[in-house]
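Observations on the three-dimensional arrangement
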Amino acid sequence: MDPRAYDALYGPARIPPPRRRTPVVLLAAGLWVLTMSSLAFLGFMVGMTALWSAAEGMAVGGFLLHCFAGPFGGAAVLVAVRLAPAVKRMSADTRSLLLAVLACPIPLVMGTSMWFYAA
């Protein structure tokens, strides 16, 4: 038996050093936090509007379908971009940053405009 194979199998465990957080990962995480918080705010506002409309006796099915068609369409676009061959070859950090850059602007602009111009 090769002594290197024996050492690799039965020698002491080699613990790899922890991965360093790169600026790409931190930027992607920040963009995803902005995206998810703005989507949560928009979802809350749609839910409250639907609740008030239902309390007044209005039909809310079409309203909810209209409001949630956009985020589901955006999610479908992100999945299509994620499954593209060029994106599959990227590293996980870069891929996450690309998807965050694509996902962030629309909900963020919608959320901030609703926040400032709803009153």
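Residues numbered from 1 in each chain as written. Predicted model: local features only at pLDDT ≥ 70, side-chain atom pairs only at ≥ 80, totals over all residues. Heavy atoms only, no water.

**Things to note about the packing of helix H5 (residues 92–103) against helix H6 (residues 105–117)**
- For the pair H5 and H6, interaxial distance at closest approach is 5 Å and the crossing angle is 35°. Packed against H5, whose contacting residues are Val101, Leu102 and Ala103, the element H6 presents Pro105, Ile106 and Pro107 at the interface.
- Classifying every residue of the contact of H5 with H6 gives 6 nonpolar, no polar and no charged. (Axes fitted to C-alpha atoms, helices over the stretch in contact; angles between N-to-C directions. Helix = DSSP H or I, 4+ residues; strand = E, 2+ residues; numbered from the N terminus. Contact = heavy atoms within 4.5 Å. Nonpolar A, V, L, I, M, F, W, Y, C, P; charged D, E, K, R; others polar.)

**Quick word on the side chain of Thr35**
- Note that Thr35 resides in helix H2 (residues 23–55).
- Within the structure, the side chain of Thr35 is placed 2.8 Å from the backbone oxygen of Leu31, a separation counted as a polar contact.
- Here Thr35 is in contact with Ala100, Ala103, Cys104 and Pro107, once residues within four sequence places are set aside. (Polar contact = N/O pair within 3.5 Å; in protein donor to acceptor, adjacent residues only side chain to side chain.)

**Considering the confidence of the model for the chain**
- Overall, the predicted model of the chain reaches an average pLDDT of 89, with 98% of residues at or above 70.
- For the chain, helix H1 (residues 3–10) is the element with the lowest average pLDDT, namely 77, and helix H4 (residues 85–88) is the one with the highest, namely 95. (pLDDT = per-residue confidence, 0-100.)

**Let's talk about the packing of aromatic side chains**
- Considering all chains together, one arrives at 2 aromatic pairs under this definition.
- Where Phe41 meets Trp115, the ring centres are 5.6 Å apart and the plane angle is 65°; that geometry is what we call edge-to-face. Separated by 74 residues along the polypeptide, Phe41 in helix H2 and Trp115 in helix H6 bring together distant segments of the chain.
- Taking the relative accessible area as the measure of exposure, Trp115 reaches 58% and is therefore exposed.
- Taken together, a centroid distance of 6.4 Å and an interplanar angle of 35° make the contact between Phe68 and Phe72 tilted. (Phe/Tyr/Trp six-rings, centres within 6.5 Å; stacked < 30°, edge-to-face > 60°. Buried < 20%, exposed > 50% of the residue type's maximum accessible area, 1.4 Å probe, protein only.)

**Side note on the nonpolar core**
- Ala28, Leu31, Leu97, Ala100 and Cys104 together form the largest nonpolar core, which totals 5 residues.
- Discounting residues that sit within four places of it in the chain, Ala28 has contacts with Ser96, Leu97 and Ala100. (Core = buried A, V, L, I, M, F, W, Y, C linked by side-chain atoms within 4.5 Å.)

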